[in-house]
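# Geometric and topological summary
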Amino acid sequence: MTSRKGQRHLSTFNPLKQVAPLLPAMAEDHRTPLSASFTSVASYQRGYSVPPEVSRRLEKALREGKLLEVSSVARETVETVSRAQVSVAVTGDSGNGMSSFINALREIGHEETASAPTGVVRTTLTPARYTSPRFPDVSLWDLPGMGASGQSLDHYLGELQFGQYDLFLIIASEQFSAHHVRLAKAVQQCGKRFYVIWTKVDRDLSTTPLSKVLLLQTIQENILECLRKEGVRDPPIFLVSSLDPSLHDFPALRRKLKVDISSIRCCGPLKALSSICEEVINEKAASLKAKVSRRYLQDALGVGDAEDLEQCLRAYRLRFGVDDESLQQVAWSTGSVVSEYRTILPSRDWHGLRRADWKLRLSTCSVATALLCLLPWVPCCGRRMARWLVRVTHRRMLHLVAQDTKAILRKILDDSTCPA
């Protein structure tokens with residue numbers, strides 16, 4: 001499996017060289033242009049835009065420090081998008097058994113009416129869409145194999161329209177070729193998820209002197225080596241037999257698919273909500289920093305002693321909605337333990353916050369306090385410097401509480417992820 005000297009392409013990996021290819025070189029009667037066949041695929045909107053009413057509700061909750069309401073918005077959003085359509089592309093070299101694999105994944109026999117057509121001839125010349133009760137609201141697209149249209153690989157990749165699909169299943173059998181590697185690399189460059197699925201393991205096992213463990217290990221290691229040579233990250237690899245969808249890696253493949261399909265549905269919406277949270281918290285922190293004063297602390301935040309930093313910190317935490325009572329409510333609403341939230345919140349008490357941040361220690365150290373006692377005797381400077389140092393301390397506190405709030409919000413959104 002080494003590259004030919006002076007050439008960039010990968011050599012073909014074939015663990016069973018004694019096995020003749022399923023499809024020998026043959027005349028191709030059908031020359032369906034990919035530009036005609038692929039454009040028939042339904043187009044789905046991959047981006048997610050937060051509805052205006054949801055955005056307003058979320059922003060209002062954040063400004064008022066009502067994280068319980070934020071949690072409700074996140075849950076409702078996830079419930080809505082959990083029914084979103086997901087498109088899974090099944091592709092690979094012609095003759096790799098993509099249609100048979102789709103039938104096995106759907107647990108449907110080849111003879112059934114709704115099955116994907118299979119055979120020793122190249123049956124898939126245009127994209128075909130299939131569904132399965134095992135994967136609700138998921139479209140499985142059986143794409144023409146590489147080479148099925150008689151066009152070059154460059155042309156095939158150029159017209160594949162990667163944006164139409166959320167996940168790619170790259171099918172291989174008998175050999176893992178440079179075509180598979182280029183396809184995987186193209187999918188990776190588009191930022192899409194993909195698996196490599198080696199089908200016909202039953203045939204491999206029946207025609208090799210190697211033990212089952214050694215054969216399967218060899219196949220997987222060689223696939224990874226081929227991909228790594230071209231800088232392709234390690235994908236999930238599943239070794240299956242389309243003849244029996246209950247054996248080998250098929251059960252693990254179904255579990256992985258369900259998890260990733262849920263993630264695909266939720267990733268965009270939760271990222272959009274996270275962006276709104278980040279922006280609103282930044283604006284809220286900036287606004288509070290600009291208002292910091294003894295009067296504001298007393299009148300607006302209800303702080304009795306503006307020089308009591310512990311009391312000020314509690315007021316800031318309450319303002320952002322990360323006080324103990326609010327965290328307890330959020331934990332109950334997400335089904336989490338409140339300690340999971342508290343462990344990511346160093347601003348729970350003044351001494352813990354001060355220990356965790358050197359800038360805060362510097363602005364409140366004994367040297368700075370002594371300096372404040374002396375500076376009032378220096379004309380024009382003392383009072384001004386004292387006010388400046390107090391503002392620095394409070395602004396740093398607000399910054400840290402805002403950062404902790406963002407961490408709590410990320411936790412809330414993570415806990416709201418679509419169920420698999």
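Predicted, not measured: the structure shown is a model, and the values here were computed from it.

What counts as what
- Residues numbered from 1 in each chain as written.
- Predicted model: local features only at pLDDT ≥ 70, side-chain atom pairs only at ≥ 80, totals over all residues.
- Heavy atoms only, no water.
- Helix = DSSP H or I, 4+ residues; strand = E, 2+ residues; numbered from the N terminus.
- Contact = heavy atoms within 4.5 Å.
- Areas by Shrake-Rupley, 256 points an atom, 1.4 Å probe, with all protein chains shown as cover.
- Axes fitted to C-alpha atoms, helices over the stretch in contact; angles between N-to-C directions.
- Parallel < 35°, antiparallel > 145°, perpendicular 65-115°, else oblique.
- Left-handed = near helix turned anticlockwise from the far one by under 90°.
- Pairing = 2+ DSSP bridges.
- pLDDT = per-residue confidence, 0-100.
- Core = buried A, V, L, I, M, F, W, Y, C linked by side-chain atoms within 4.5 Å.
- Buried < 20%, exposed > 50% of the residue type's maximum accessible area, 1.4 Å probe, protein only.
- Right-handed = clockwise from strand over helix to strand, strands pointing away.
- Salt bridge = Lys/Arg side-chain N within 4 Å of Asp/Glu carboxyl O.
- Expected span 1.5 Å × (residues − 1).
- Arc of directions from axis to C-beta.

### A word on the overall build of the protein chain
Each helix and strand in the protein chain was counted, giving 17 helices and six strands. Within the protein chain, residue pairs in contact and separated by at least 24 positions form 73% of the contacts whose partners lie at least 6 positions apart. A total of about 20,900 Å² of accessible surface is found on the protein chain, and carbon and sulfur atoms cover 53% of it.

### A short note on the packing of helix 3 (residues 67-81) against helix 12 (residues 324-334)
In contact at an axis separation of 9 Å, helix 3 and helix 12 are set at 20° when each is read in the N-to-C sense. Judged on the interaxial angle alone, helix 12 and helix 3 are roughly parallel. Crossing geometry of helix 3 relative to helix 12 is assigned as right-handed. Contact residues: Leu67, Leu68, Ser71 and Arg75 in helix 3; Gln329, Val330, Ser333 and Thr334 in helix 12.

### A few points about the sheet that holds strand 4 (residues 167-172)
If you trace the six strands from one edge of the open sheet to the other, you get 2-3-1-4-5-6, paired in mixed fashion. Each edge of the open sheet carries a strand with a single partner, namely strand 2 (128-132) and strand 6 (237-239). Neighbour to neighbour, the strand axes of the sheet diverge by 25° on average, direction disregarded. Note that strand 5 (residues 193-198) and strand 6 share three bridges and pair parallel. Its bridge partner lying in strand 6, Trp198 is registered against Leu239. The strands touched by helix 8 (residues 212-229) within the sheet are strand 5 and strand 6, with strand 6 carrying the most contacts at an inclination of about 150°.

### Concerning the confidence of the model for the protein chain
On average, residues of the protein chain score 80 in pLDDT, and 77% of them are at 70 or above. Across the protein chain, the secondary-structure element scoring lowest on mean pLDDT is helix 1 (residues 34-38), at 37, and the one scoring highest is strand 6, at 96. Note on residues 1-11: pLDDT under 50 across the span, and 19 contacts to partners over four residues away in sequence or across chains.

### Points about the nonpolar core
Membership of the largest hydrophobic core comes to 51 residues, with the highest contact counts inside it found for Leu58, Leu62, Tyr316, Phe320, Met397, Ile408 and Leu409. With 10 residues, the top contributor of residues to this core is helix 9 (residues 250-291). Those residues within four positions of Leu58 in sequence are excluded, and the remaining contacts are Val70, Val73, Leu273, Ile276 and Cys277. Grouped together as the second largest cluster of nonpolar side chains are 33 residues, Leu153, Leu160, Ile219 and Leu224 included.

### Observations regarding the pairing of strand 5
For strand 5, a buried count of five out of six residues is recorded, marking the element as mostly surrounded by other parts of the structure. Sheet topology places strand 4 next to strand 5; six bridges connect them, and they run parallel. Directly across from Leu169, in strand 5, lies its bridge partner Tyr195. Considered for its hand, the β-α-β crossover made up of strand 4, helix 6 (residues 178-189) and strand 5 is right-handed.

### Thoughts on the environment of Cys277
If you trace the backbone, Cys277 turns up in helix 9. Each C-alpha atom of the pair Cys277 and Leu409 lies 7.4 Å from the other, and the pair is 132 residues apart in sequence. If we skip the residues at most four places from it in the chain, Cys277 touches Leu58, Leu62 and Leu409.

### Some words on the pattern of salt bridges
All chains considered together, the criterion is met by 22 salt bridges. When the shortest N-O distance is used, the salt bridge between Lys60 and Glu64 registers 3.0 Å. Linking Arg294 and Glu307 is a salt bridge whose minimum nitrogen-to-oxygen distance equals 3.3 Å. Taken together, the positions of Arg294 in helix 10 (residues 294-299) and Glu307 in the loop between helix 10 and helix 11 (309-320) put the pair 13 residues apart, joining distant regions of the chain. The class of Glu307 is exposed, set by a relative accessible area of 60%. Salt bridges here are not isolated pairs; linked through shared partners, they connect Arg57, Glu69 and Glu76.

### Re unusual backbone geometry
The backbone of Asp137 shows a phi angle near 60°, a positive value even though the residue is not glycine. With respect to the helices and strands, the residue Asp137 is situated in strand 3 (residues 135-142). Residue Asp137 is classed as partly exposed on the basis of its relative accessible area of 38%.

### A word on helix 2 (residues 52-63)
Its 12 residues place the ends of helix 2 16 Å apart at the C-alpha level, agreeing with the 16 Å of an ideal helix rising 1.5 Å per residue. Of the positions making up helix 2, those classed as buried are Ser55, Leu58, Ala61 and Leu62. Buried positions in helix 2, seen along its axis, are confined to an arc of 135° and lie on one side of it. Pointing more than 90 degrees away from the buried face of helix 2 are the exposed residues Pro52 and Arg56. Count one or two residues on from helix 2 and you reach Gly65, which has phi positive near 70°.

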